[in-house]
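Listed below, chain by chain, are the residues.
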Amino acid sequence: MSAPDPGPVGPAGPTPPAGCPVAHGGGLPVGGPGHGGGLPVGVPLTPLYGPAVAEDPHGLYARLRAHYGPVAPIELEPGVEAWLVLGYAELLELTRNEALFSKDSRRWRVPAEGRLSAGSRLLTMTSWRPTLLNLDGAEHQRLRSAVSDTLAQIDHHQLRGTTEAAANGLIDSWGPDGTADLIAQYARALPLLVFTQLVGLPAEAGPRLVELISHFVDSSAQSQRAGAEFQAILVDLVRRRREAPSADLTSWLLAHPAGLTDEEAVHHLVVLMVAGNETSINWTGNSLRLLLTDRRFRATLTGGRLTVSDALEEVLWRDPPTQNFPGRWATGDTVLGGQYISAGDMLVLGLAAANADPAAQGVSAAAQGSLGGNRAHLAWGAGRHVCPAQHPARIIVETAVETLLHRLPDLQLAVPPGELAWRPSPWSRALTALPVLYSAFTPPRPPAPERPAWTPPSTAPEPDPNPSDSTPSDRTSTERTPGSERPAPRSWWSSLAGWWSGR
């Protein structure tokens, strides 16, 4: 979508005239001493909430860049100011300089000055917690090593098999009418089916967890209540795993030599569940959208040269699952991107905006919309706080997309691409729905010979290892009809998926 003609960036006031330092980020920086503790005086603050950030974030970031340069003043909610870092080089500087830009949100001037209300929707995303997300230096390294080492114990082959089985169970649960919403019935359901098993939660907790995570990631009116309920579920899980360890992420985290307390373990499970699940949901949905709407990728289904992996990578550049992320807090007065930053100011990582920085991509590549195999995007962040869960997330998302395309080879959008709507979140880049049509399906691949260690034992009878009427391994395509036979006995995953969809 192309950006509309540049107008006033803020809610009111004229566009600064050509040559004005404010308009182009040159000359005298915005803010600085005597400017209300970081609040730019006389400059309208652009809201990073509401329709603009959902309907046309790329246009919003382009206008901000044109007016202010690589760092722009924004408003996170009425009366709460911050800086959005739009420049690729500036974001790298921000994430690599802990001495000037700390992860400790207790440095934030807004709550210290009593300007963040008790009911603020920002609390769940900005409150300090004893996690690797909110600490610097040696303490951050201690906690990060615990999380990284725990994630490293996941068997990637088993994770792929578990994800494929869960995906097949969801697809099998869909009715015979040839319609589905790939967000509600697939992308939002699948990661939780996997993550609940990874951390040791009962699978039936999945739907409620999806709802709770959505509330506080979107900074909705129910975000605080949702955050408290979600944390209570994990407190109970940690208590039970401390008493009776098992083969899951929670038990491995508690057993790590870093010696996490129960409180630290709970908070890190929140990080793993929210970051891993929300990222996987959005990455899956955005990748499926690209495959269904972009001719370069639709050709892949008929032998084109661009692959599912290419689509996943382009999404990380163009529409990363997390478009903005809070944040860093200035430890002292400094200058970044031509703007005065005061001690205690909050800086938001503009991941999507930095990816689109022409200085990073090259003007010609940006104009042509081609990034090739370049993986220098900032979708996972940068510096010491780069996301430690990106490899398991990639396995889940790639398996989810490939399995769906294998099972439904004639998948197509049920609405014009322009009618697809995005969630009004300042942080996530996520579709509200992705309605599709299909008429043919391919039976699932044979199940993996070994069950992942974290998957509960199946209550269904084991299939005959030498069935006389087994489905051929070659890919086939048949019309789906009511009451059609399944290619294998009903598995635990299929039963769970049927329960999920209300059957």
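These numbers come from a predicted model, not from an experiment.

Looking now at the sheet that holds strand S10 (residues 412–413). Across the sheet, which stays open at both edges, the three strands sit in the order S5-S11-S10 with antiparallel pairing between neighbours. Two strands bound the open sheet, and with one partner strand each, they are strand S5 (179–181) and S10.

Moving on, we get to the packing of aromatic side chains. Within this structure, the stated rule accounts for four aromatic pairs. With a centroid separation of 6.2 Å and an interplanar angle of 45°, the aromatic rings of Trp174 and Tyr438 are classed as tilted. Note that Trp174 is positioned in the loop between helix H8 (156–173) and S5 and Tyr438 in the loop between strand S11 (435–437) and strand S12 (440–441), a separation of 264 residues in sequence. The same class applies to Trp174 and to Tyr438, which are both buried. Relative to Trp380, the ring of Trp283 has its centre 5.4 Å away and its plane inclined at 75°; by these criteria the two rings are edge-to-face. In this pair, Trp283 sits in helix H14 (residues 262–293) while Trp380 sits in the loop between helix H19 (363–368) and helix H20 (390–407), placing the two residues 97 residues apart along the sequence. Here Trp283 matches Trp380 in class, with each residue buried.

Attention now moves to the nonpolar core. Grouped together as the largest cluster of nonpolar side chains are 84 residues, with contacts concentrated most on Trp174, Leu182, Tyr186, Phe230, Leu404 and Leu434. Looking at which element gives the most residues to this core, the answer is H14, with 13 residues. One finds Ala82, Met125, Met346 and Ala353 within the second-largest nonpolar core, a separate group that totals 24 residues.

Enumeration over the complete set of coordinates arrives at 24 salt bridges. One salt bridge connects Arg106 with Asp104, and the closest N-O pair in it is separated by 2.9 Å. A relative accessible area of 54% means that Arg106 is categorised as exposed. A relative accessible area of 14% means that Asp104 is categorised as buried. A salt bridge links Glu229 to Arg208; the shortest N-O distance between them is 2.8 Å. Of this pair, Glu229 sits in helix H12 (residues 223–243) while Arg208 sits in helix H11 (residues 206–217), and the two are 21 residues apart along the sequence. Overall, the relative accessible area of 29% leaves Glu229 in the partly exposed class. Judged by relative accessible area, which is 28%, Arg208 ranks as partly exposed. Through salt bridges that share partners, Glu81, Arg109, Glu113, Arg115 and Asp345 make up one connected network.

Once that is clear, we can look at the sheet that holds strand S9 (residues 346–349). The mixed open sheet is built from six strands, whose spatial order is S1-S2-S3-S9-S6-S4. Each of the sheet's edge strands pairs with one partner strand only, and the pair in question is strand S1 (46–47) and strand S4 (101–102). Note that S4 and strand S6 (residues 325–330) share two bridges and pair antiparallel. In the sheet register, Ser102 faces S6, and the bridge partner there is Trp329.

Attention shifts here to the confidence of the model for the protein chain. On average, the protein chain scores 80 in pLDDT, and the residues at 70 or more come to 75%. Taken as a whole, residues 1–30 scores under 50 in pLDDT and shows 60 contacts with residues more than four places along the chain or in a different chain. Below pLDDT 50 for its whole length, residues 32–36 participates in four contacts with residues either more than four positions away or in separate chains.

What follows concerns the pairing of strand S2 (residues 71–77). Counting buried residues along S2, seven of its seven residues qualify, which places the element largely inside the surrounding structure. In this structure, S2 lies alongside strand S3 (residues 80–85), joined through six bridges in antiparallel fashion. Bridge assignment links Ile74 to a residue of S3, and that residue is Ala82. In this antiparallel pair of consecutive strands, S2 and S3, the connection spans two residues, and Gly79 shows a positive phi of 85°.

This part covers the environment of Asp262. Note on placement: Asp262 falls in helix H14. With a relative accessible area of 35%, Asp262 lands in the partly exposed category. Taking the C-alpha atoms as reference, Asp262 lies 7.6 Å from Arg239; in sequence the two are 23 residues apart. Leaving out residues up to four positions away in the same chain, Asp262 has contacts with Val238, Arg242 and Leu254. Polar side-chain contacts of Asp262 include one of 2.5 Å to the side chain of Arg242.

Moving on: the packing of H8 against helix H10 (residues 190–199). A packed helix pair is summarised by two numbers, namely the angle formed by the two axes and the spacing between the axes. With their axes 9 Å apart at the nearest point, H8 and H10 run at an angle of 135° to one another. It follows that H8 is oblique to H10 by the angle criterion. When the axes of H8 and H10 are compared, the crossing they make is right-handed. On H10, the residues that touch Leu159, Thr163, Ala166, Ala167 and Leu170 of H8 are Leu190, Leu193, Val194 and Leu198.

With that settled, consider the pairing of S3. The buried fraction of S3 amounts to six of the six residues, a majority that puts the element mostly inside the structure. The two faces of S3 match: Val80, Ala82 and Leu84 on one face and Glu81, Trp83 and Val85 on the other face are all buried. Two elements, S3 and S9, share three bridges in a ladder whose sense is parallel. Bridging from a neighbouring strand, Leu84 pairs with Val348 of S9.

Moving on: the side chain of Arg65. Topologically, Arg65 is positioned in helix H3 (residues 57–68). Of the residues examined, Arg65 reaches a relative accessible area of 19% and is grouped as buried. With residues up to four places along the chain from it excluded, the contact list for Arg65 reads Leu86, Gly87, Ala353, Ala356, Asp357 and Pro358.

Rules of the game
- Residues numbered from 1 in each chain as written.
- Predicted model: local features only at pLDDT ≥ 70, side-chain atom pairs only at ≥ 80, totals over all residues.
- Heavy atoms only, no water.
- Pairing = 2+ DSSP bridges.
- Helix = DSSP H or I, 4+ residues; strand = E, 2+ residues; numbered from the N terminus.
- Phe/Tyr/Trp six-rings, centres within 6.5 Å; stacked < 30°, edge-to-face > 60°.
- Buried < 20%, exposed > 50% of the residue type's maximum accessible area, 1.4 Å probe, protein only.
- Core = buried A, V, L, I, M, F, W, Y, C linked by side-chain atoms within 4.5 Å.
- Salt bridge = Lys/Arg side-chain N within 4 Å of Asp/Glu carboxyl O.
- pLDDT = per-residue confidence, 0-100.
- Contact = heavy atoms within 4.5 Å.
- Polar contact = N/O pair within 3.5 Å; in protein donor to acceptor, adjacent residues only side chain to side chain.
- Axes fitted to C-alpha atoms, helices over the stretch in contact; angles between N-to-C directions.
- Parallel < 35°, antiparallel > 145°, perpendicular 65-115°, else oblique.
- Left-handed = near helix turned anticlockwise from the far one by under 90°.

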